[in-house]
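# Chain and residue survey
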Amino acid sequence: MFRYTKTVFSQVSRKGRNRLQNNVSHIPDNAPRLQENENWLQNLSSEKQLEPKISKALKLGNSVKKQIELVEDYPNGHIINENDKIDNHDSTKDYTIISTPPQTPFIHIKSPLINFTNIKYFNHSFNKQSNAFIDVRIVKCKSGDGGDGCVSFFRDANRAVGPPNGGDGGDGGSIYIQTDPAINSLAKLSHSYIATNGGNGAKDQLDGKRGKDILIKVPLGTLVKWSFDPKIIRAFINDKLENMTESNSNHNIRNLLKHQFVDLDCVGEFATDRDPQYIQLFRKSYEPGEGWVFKEKDHEYHIGKQWFRDLRHKIKKHDLVLDNDELLVDKFPLEGLDLDREMDHPVPLLIGGKGGMGNMHFLTNLIRNPRFAKVGRNGLEQYFMFELKILADLGLVGFPNAGKSTILNKISNAKPRIGHWEFTTLSPTIGTVSPSLSKPSFTVADIPGIIRGASKDKGMGLEFLRHIERSRGLVFVLGMDRPEPLEDLKVLIDELNSHGITKTHNALVICNKCDVNPEQTFAKFNSIQRFCNEMKWDICPISALNNENIDILISKMSDLVEHGKNSYKRAIKINLESL
Ligand SMILES: Nc1nc2c(ncn2[C@@H]2O[C@H](COP(=O)(O)OP(=O)(O)OP(=O)(O)O)[C@@H](O)[C@H]2O)c(=O)[nH]1
């Protein structure tokens, strides 16, 4: 709150005082006193030398380009190939640690480019197929810059130049994120979110206006990952693919993204950790001791004065502390931010820059007329990838035409498209099943069919598997009209494995279309049952078309959900590389 004190009154004449009293509501007095400034600067200079890590970090911080460098020469001057062995490479991880503190201020890692982008962004056919349902978006986010401090001096009729009273710049707006259960698609996300900058400080010690924050609302089940500007990657891909045959095949693009490495500086939860948990983000703010706004006399003039050089030296320490504070908050989880539950409060994605100090902070015994202030700190500009992973209790997996949509239609309120041709389902559908009054209802997701070679981008690829990753259990749907449904089941398991879904211990197998050729179906069913016994999976023969065994199926699905609640903590570890 503003203070109106005697000090200001004693500095002006009686006439002035009267006027001041009349206008008192316009003239706040919360400026630091000369002695307070002296003490502050004195403390700064007596502070012990800052950690070398901080100053090293600052040098790195200014080379923001480092983060977006696509590294070809890995590890010793060549592009890394699928079969190349990397010393100390841990295949269970999505990155390789190159160096850790104390050699470097940060944990330096290399990770495949595919972990920070999505193939959908680079292939038109993918986009066309899924334009009805948007489950991946790469979005530019920028927090606001801090406003500049103001250079101003108190004035009245009797005093041309009074004490400095330039206010501080306002802080830049921040970007926050929160889940909203009322939203179920990423379609409404903007291409960019840019928070406003803080306002500049003004005379009479008025601080600048704070920049407006932005709140991004996303559906439950959204995974937010640090990403690259898709334009940079597109240019890079086009360049690399120019000489390749079938250059725009998904397989080529995926391979390129997998074998091109990104160089990143990371940090652990605590300063002593060696495990990279967060990507360190860097602001392009000024060098410590720099970043001044001058009025009347310019930089050249000030730099020639010993008193200014002394002040700058002290303020350098203040800037270093600011930088360090920023480094502590400017980080983002390497594996992404998993928003899989309702959130009471929004979480910050990017924090706005701090406002610069007004000239009132620089009044000292030596400096009576500080004709300078500090500029605001920069905001952060980053790209984030939003991936929606539907939160359904069970996921239906099967070959195209196995009857998945028909089953969902029979058991739930969902009305998916059904057709006798393959790939009728082009985007995931969720249905809610209400088994009985005594049992809780549950949700089931139907995703486009999977075929042999899906992991090599055949058919619709594995793009939609992200939507069953979080389910409590998997439901395999087999068409008994197929020549070898057991083989189909094995192919499905293989394809899931290649996507990183290896723990399929809570599963149910539906043998659909049992009405077709009942004699042959019996033999096929027996062999599948033997396999299921070995896997300890339940099995259910049905005819969705004829409504046969649907009640039993619903009951088995309900048991699967219940069982999943106890034993199936998290269906799948989020495997960055296979996304
Ligand atoms: N005879 C018979 N036909 C069935 C049965 N269930 C589904 N069908 C038919 O099989 C065809 C494919 O059914 P869908 O439900 O669209 O199959 P899907 O697995 O969703 O197919 P995709 O959308 O391509 O993944 C349709 O013509 C259905 O009528 C069944 O129990 N018996």
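Everything discussed here concerns the structure shown above.
In this report, we go over the structure that sits alongside the text. Everything numeric in this text was worked out from a predicted model, so none of it was measured. Numbers given to residues run from 1 along each chain, matching the order in which its sequence is written. In keeping with the model being predicted, local features are shown solely for residues with a pLDDT of at least 70 and side-chain atom pairs are shown and tallied solely at 80 or more, while totals for entire chains, interfaces and linings include all residues. Derived side-chain values reflect all non-hydrogen atoms in the structure, with water molecules and hydrogen atoms excluded from consideration.

## Topic: helix α9 (residues 306-329)
- Every helix listed is a DSSP run of H or I at least four residues long, and every strand listed is a run of E at least two residues long, numbered separately from the N terminus. Expected span of a helix: the number of residues minus one, times 1.5 Å. Helix length check: α9, at 24 residues, gives a terminal C-alpha distance of 35 Å against a target of 34 Å (1.5 Å per residue), a fit within 8%.
- Residue burial is assigned from relative accessible area. The probe radius is 1.4 Å, only protein chains are included, and a residue is buried under 20% of its type maximum, exposed over 50%, and partly exposed in between. Taken as a whole, α9 has its buried residues at Phe 308, Leu 311, Ile 315, Lys 317, His 318, Asp 319, Leu 320, Leu 322, Asp 323, Glu 326 and Leu 327.

## Considering the sheet that holds strand β7 (residues 214-218)
- When DSSP finds at least two bridges between two strands, those strands are taken to pair. One open sheet accounts for 3 strands, arranged β7-β5-β14; its pairing is mixed. On the outer flanks of this sheet lie β7 and β14 (347-350), each paired with one strand and no other. The average angle at which neighbouring strand axes cross in this sheet is 35 degrees, direction not considered.
- In this structure, strand β5 (residues 175-179) lies alongside β14, joined through 3 bridges in antiparallel fashion. Across the sheet, the residue bridging to Ile 175 is Leu 350, located in β14. Between the N-to-C directions of two axes lies an angle of 0 to 180 degrees, each axis being a line fitted to C-alpha atoms and, for a helix, fitted only over the stretch in contact.

## Describing the pairing of strand β16 (residues 381-388)
- Among the 8 residues in β16, 7 count as buried, and that is most of the element.
- Note that strand β4 (residues 136-142) and β16 share 7 bridges and pair antiparallel. From the neighbouring strand, Lys 140 faces β16, where its bridge partner is Tyr 383.
- Note that strand β8 (residues 222-227) and β16 share 6 bridges and pair antiparallel. Residue pairing across strands places Val 224 opposite Phe 386, the latter belonging to β16.

## A look at the packing of aromatic side chains
- Note on aromatic pairs: the rings of Phe, Tyr and Trp (six-membered ring only in Trp) are paired at centre separations within 6.5 Å, and the planes decide the class, stacked below 30 degrees, edge-to-face beyond 60, tilted for the rest. Taken as a whole and judged by the stated rule, the model has 16 aromatic pairs.
- The structure contains a cluster of three or more aromatic residues connected by ring pairs, namely Trp 292, Phe 294, Trp 307, Phe 308, Phe 362 and Phe 372.
- A cation over a ring is seen here: Lys 374 above Trp 292, with NZ or CZ 4.7 Å from the ring centre. In this analysis the charged atom, NZ for Lys or CZ for Arg, is taken to sit over a ring once it is within 6 Å of the ring centre and within 35 degrees of the ring normal.

## A few points about the nonpolar core
- Counting residues in hydrophobic clusters, the biggest one holds 49 residues, and the most contacted among them are Cys 141, Ile 175, Ile 216, Trp 226, Leu 264, Phe 384 and Phe 386.
- No other element matches β16, which puts 5 residues into this core.
- Every residue pair with non-hydrogen atoms within 4.5 Å of one another is taken to be in contact. Apart from residues no more than four positions distant in its own chain, Ile 175 is found in contact with Cys 141, Lys 142, Ser 143, Tyr 193, Ala 195, Ile 214, Ile 216, Val 347, Pro 348, Leu 349 and Leu 350.
- In terms of nonpolar packing, the next biggest core, distinct from the first, is built from 27 residues, Met 480, Leu 486, Leu 492 and Ile 539 among them. Here, nonpolar core refers to any group of buried Ala, Val, Leu, Ile, Met, Phe, Trp, Tyr and Cys residues whose side-chain atoms link them within 4.5 Å.

## Examining the pattern of salt bridges
- For this document, the term salt bridge refers to a Lys or Arg side-chain nitrogen within 4 Å of an Asp or Glu carboxyl oxygen. Within this structure, the stated rule accounts for 17 salt bridges.
- The salt bridge partner of Asp 145 is Lys 142, with a shortest N-O separation of 3.2 Å.
- Its relative accessible area of 23% is what places Asp 145 among the partly exposed residues.
- Relative accessible area serves as the criterion here: at 17%, Lys 142 is assigned to the buried category.
- A salt bridge links Asp 559 to Lys 439; the nearest nitrogen and oxygen atoms lie 3.4 Å apart. With Asp 559 in helix α13 (residues 550-567) and Lys 439 in the loop between β18 (429-433) and β19 (442-446), this residue pair connects regions lying 120 residues apart in the sequence.
- For Asp 559, a relative accessible area of 42% puts it in the partly exposed group.

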